[in-house]
Amino acid sequence: MARIFSGIQPTGIAHLGNYLGAIRNWVALQNGNEGIYCLVDLHALTVWVDPEALRAQTRTNAALLIACGIDPARSILFNQSAVHAHARLAWIFNCVARFGWLNRMTQFKDKAGKDREAVSTGLFVYPNLMAADILAYHATEVPVGDDQSQHLELANDIAQKFNHDYGVEFFPTITPRIMKASARIMSLRDGQKKMSKSDPSDQSRINLTDSADVIAQKIRRAKTDPEPLPGSEEGLAQRPEAQNLVGIYAALADQTVAEVLRRHEGKGFGPFKESLTELVESVIRPIAEATQRIEQDAGEIDRILRNGADRAAAIADPIVTEAEKIVGFLQP
Ligand code: TYM
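K.L.:
Please explain empty space enclosed by the protein as it appears in this structure.
P.N.:
The gaps left among the atoms become clear once a water-sized probe is rolled over them. All told, the structure shown has one cavity of 30 Å³ or more when counted by the stated rule. Roughly 60 Å³ of volume is contained in the largest cavity. In terms of lining residues, the largest cavity is bounded by Gln-107, Phe-108, Lys-111, Leu-123, Tyr-126, Pro-127 and His-151. Mapped by element, the contributors of at least two residues to the lining of the largest cavity are helix 6 (106-112) and helix 7 (121-135).

K.L.:
How should I be thinking about the pairing of strand 1 (residues 3-8) in this particular structure?
P.N.:
A regular strand places its side chains on the two faces of the sheet in alternate fashion. Pairing between strand 1 and strand 2 (residues 34-39): six bridges, direction parallel. Among the inter-strand pairings, Ile-4 is bridged to a residue of strand 2, identified as Gly-35. Tracing the backbone out of strand 1, into helix 1 (residues 16-29) and back to the parallel element strand 2 gives a crossover that is right-handed.

K.L.:
Which parts of the structure should I look at to understand the site of the ligand?
P.N.:
The immediate surroundings of the ligand are formed by 28 residues, with Tyr-126, Asp-133, Asp-147, Ile-185 and Lys-197 found nearest. At 2.7 Å, a side-chain N or O of Tyr-126 approaches an oxygen atom of the ligand. Interatomic distance of 2.6 Å between a side-chain N/O atom of Asp-133 and a nitrogen atom of the ligand. When the ligand is considered free in solution it has 710 Å² of accessible area, and contact with the protein chains removes 96% of it. According to the grid-proximity analysis, the pocket containing the ligand is the largest pocket. If you list the elements that add at least two residues to the shell around the ligand, you get strand 1, helix 1 and helix 7. Here the shell around the ligand is built from residues that sort into 12 nonpolar, 11 polar and five charged.

K.L.:
Hey, could you run me through the packing of helix 10 (residues 240-253) against helix 12 (residues 269-295) in this one?
P.N.:
Packed helices, taken two at a time, are described by the angle their axes make and the gap between the axes. Interhelical geometry of helix 10 versus helix 12 gives an angle of 40 degrees and a closest axis separation of 10 Å. If you check the angle between helix 10 and helix 12, you find them oblique. The element helix 10 and its partner helix 12 pack so that their crossing is left-handed. Contacts between helix 10 and helix 12 involve Ala-242, Leu-245, Val-246, Ile-248, Tyr-249, Leu-252 and Ala-253 on the former and, on the latter, Phe-269, Phe-272, Lys-273, Ser-275, Leu-276, Leu-279, Val-280 and Val-283. Of the residues that constitute the contact of helix 10 with helix 12, the class distribution is 13 nonpolar, one polar and one charged.

Definitions and cut-offs
- Residues numbered from 1 in each chain as written.
- Predicted model: local features only at pLDDT ≥ 70, side-chain atom pairs only at ≥ 80, totals over all residues.
- Heavy atoms only, no water.
- 1 Å grid on protein atoms, 1.4 Å probe; cavity = no way out; pocket = protein on both sides within 12 Å on 5 of 7 lines; lining within 4 Å.
- Points joined across faces, edges and corners; volume = space filled by probe spheres on them.
- Helix = DSSP H or I, 4+ residues; strand = E, 2+ residues; numbered from the N terminus.
- Pairing = 2+ DSSP bridges.
- Right-handed = clockwise from strand over helix to strand, strands pointing away.
- Near = heavy atom within 4 Å.
- Polar contact = N/O pair within 3.5 Å; in protein donor to acceptor, adjacent residues only side chain to side chain.
- Areas by Shrake-Rupley, 256 points an atom, 1.4 Å probe, with all protein chains shown as cover.
- Sits in = over half its atoms within 2 Å of the grid points.
- Nonpolar A, V, L, I, M, F, W, Y, C, P; charged D, E, K, R; others polar.
- Axes fitted to C-alpha atoms, helices over the stretch in contact; angles between N-to-C directions.
- Parallel < 35°, antiparallel > 145°, perpendicular 65-115°, else oblique.
- Left-handed = near helix turned anticlockwise from the far one by under 90°.
- Contact = heavy atoms within 4.5 Å.

Worth remembering: the numbers are spatial, not functional.
Right, here's the structure in full:
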């Protein structure tokens, strides 16, 4: 039995990329493992977010995770700020990680863009907090999409440097669990950009709460090329949009790309998009309906998160207290 940790930012609404790249794997890994799943509201604060929107989206995304199959009786589901161990360990890691390491993070470079002087310092040290999230539990397995792998390498560097500097074997090595086939779902508007909550165009993503009409319209408008579907994977090279839609189909149908192409070879995108729409709807409709139902009882969501936070703190507090002892904090 492994201890699994993963997190999602409660900014916006979780989308199909989050589902296929991460959440679906979280649900599967609940079986036979100890799952700890976190709505990372401290991370959400690294860019401006309206306080009421943050509170509301934390509840909605909690409802969504439950609707997707995270079982709060089996797994621990909570919001990050409710467990202070994360911030305590993150401070220690701010002092372990090197400026140069963080300076090489591609996600920081992308998010900061040209105006580095104006972004929050939280955005810069974001990966240190992420390392603290995982290591505060001594979790060893982390199911994520492809975009988080650099951050997980950094977390291992931090753990190693801590162990080395203090002469201990305290933090374990983290293993990323990345589902290759759906590790990087791309935008519906641009096959070179990943599907993202922060994309200004809602047409670029399918949210897990989208209605059937909205899903159909977004897929109809999704960017494609004029060629019909090829019979083999080589035929998708240099066709990022086609590759993305076929990849989404394969992931949702639990088929290989080769199988999908065998069935749809020679079809134009019109009929293929119709089949894809049906498939996406069949997966999202039950999730959207369950989310709506769960969301109606905000009190119950809060109770679930409170209970999750208590269980999370019971694991993380002693570990972080030990780390504080190792670095020499007086514990009077
Ligand atoms: P976030 O909120 O951006 O995304 C949540 C999860 O969804 C995956 N993901 C994708 N997978 C495939 N295709 C996409 N287009 C796509 N977009 C997002 C992400 O890889 C992620 O697994 N820093 C993290 C949250 C975090 C975390 C952690 C994760 C904080 N602490 C500790 C793991 C462990 C983030 O911003 O995820």
